[in-house]
Amino acid sequence: MDNYMEKWNPLEIISMNAEENYRKLAISSTKQQIRNILKSYVGYYDPFCELLQNAMDATDRMAHNVGNEYRKGIKIYIDLN
């Protein structure tokens, strides 16, 4: 993290055009969010559990949007090779 901040030069932003400025700011913000998420996984199975939770949330949202026509379900395939 400290290495990343050392590379940041606020004076560079002044010389960039507005579109490039916003693009770089968005990329930087996204990278920081990803770093924070990855740091939050402290256990070996945390990313796997997160994927399962995201899948369950998505099926709940779909069922809510579609209604009775949607049958909730999640299929998991694991290849140990």
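Residues numbered from 1 in each chain as written. Predicted model: local features only at pLDDT ≥ 70, side-chain atom pairs only at ≥ 80, totals over all residues. Heavy atoms only, no water.

### A word on the overall build of the protein
Moving on, step 1. Broken down by element type, the protein carries four helices and zero strands.
Moving on, step 2. Counting only residues that meet the buried cut, the protein has 5% of its 81 residues in that class.
Moving on, step 3. In the form shown here, the protein has an accessible surface area of approximately 7700 Å², with 56% of it arising from carbon and sulfur atoms. (Helix = DSSP H or I, 4+ residues; strand = E, 2+ residues; numbered from the N terminus. Buried < 20%, exposed > 50% of the residue type's maximum accessible area, 1.4 Å probe, protein only. Areas by Shrake-Rupley, 256 points an atom, 1.4 Å probe, with all protein chains shown as cover.)

### What about a nonpolar patch on the surface?
Moving on, step 1. Taken together, the side chains of Y44, Y45, F48, M56, I74, I76, I78 and L80 make up a nonpolar region of the molecular surface, amounting to roughly 970 Å² of accessible area.
Moving on, step 2. A relative accessible area of 39% means that I74 is categorised as partly exposed. (Patch = residues over 30% accessible without salt bridge, like charges linked within 9 Å, V, L, I, M, F, W, Y side chains within 5 Å. Salt bridge = Lys/Arg side-chain N within 4 Å of Asp/Glu carboxyl O.)

### Side note on helix α4 (residues 46-66)
Moving on, step 1. For α4, built from 21 residues, the straight-helix expectation of 30 Å at 1.5 Å per residue is met to within 8% by its first-to-last C-alpha distance of 30 Å.
Moving on, step 2. G67, located one to two residues past α4, shows a positive phi value of around 100 degrees. (Expected span 1.5 Å × (residues − 1).)

### Focus on the pattern of salt bridges
Moving on, step 1. The final tally for this structure, using the stated rule, is one salt bridge.
Moving on, step 2. Between K72 and D60 there is a salt bridge whose closest N-O contact spans 2.7 Å. Here D60 lies in helix α4 and K72 lies in the segment after α4, a separation of twelve residues in the sequence.

### Focus: the environment of D79
Moving on, step 1. Looking at the element boundaries, D79 is found in the segment after α4.
Moving on, step 2. Taking the relative accessible area as the measure of exposure, D79 reaches 61% and is therefore exposed.
Moving on, step 3. Separated by 3.0 Å, the side chain of D79 and the backbone nitrogen of N81 make a polar contact. (Polar contact = N/O pair within 3.5 Å; in protein donor to acceptor, adjacent residues only side chain to side chain.)

### Here's the deal with the confidence of the model for the protein
Moving on, step 1. Averaged over the protein, the pLDDT score is 78; the fraction of residues at 70 or greater is 78%.
Moving on, step 2. By mean pLDDT, helix α1 (residues 2-7) is the weakest element of the protein at 54, and α4 is the strongest at 88. (pLDDT = per-residue confidence, 0-100.)

### Examining the environment of M62
Moving on, step 1. Relative to the assigned elements, M62 resides in helix α4.
Moving on, step 2. Considered as a pair, M62 and K72 are ten residues apart in the sequence and their alpha carbons are 8.2 Å apart.
Moving on, step 3. When residues no more than four places from it in sequence are discounted, the contact partners of M62 are G67 and Y70. (Contact = heavy atoms within 4.5 Å.)

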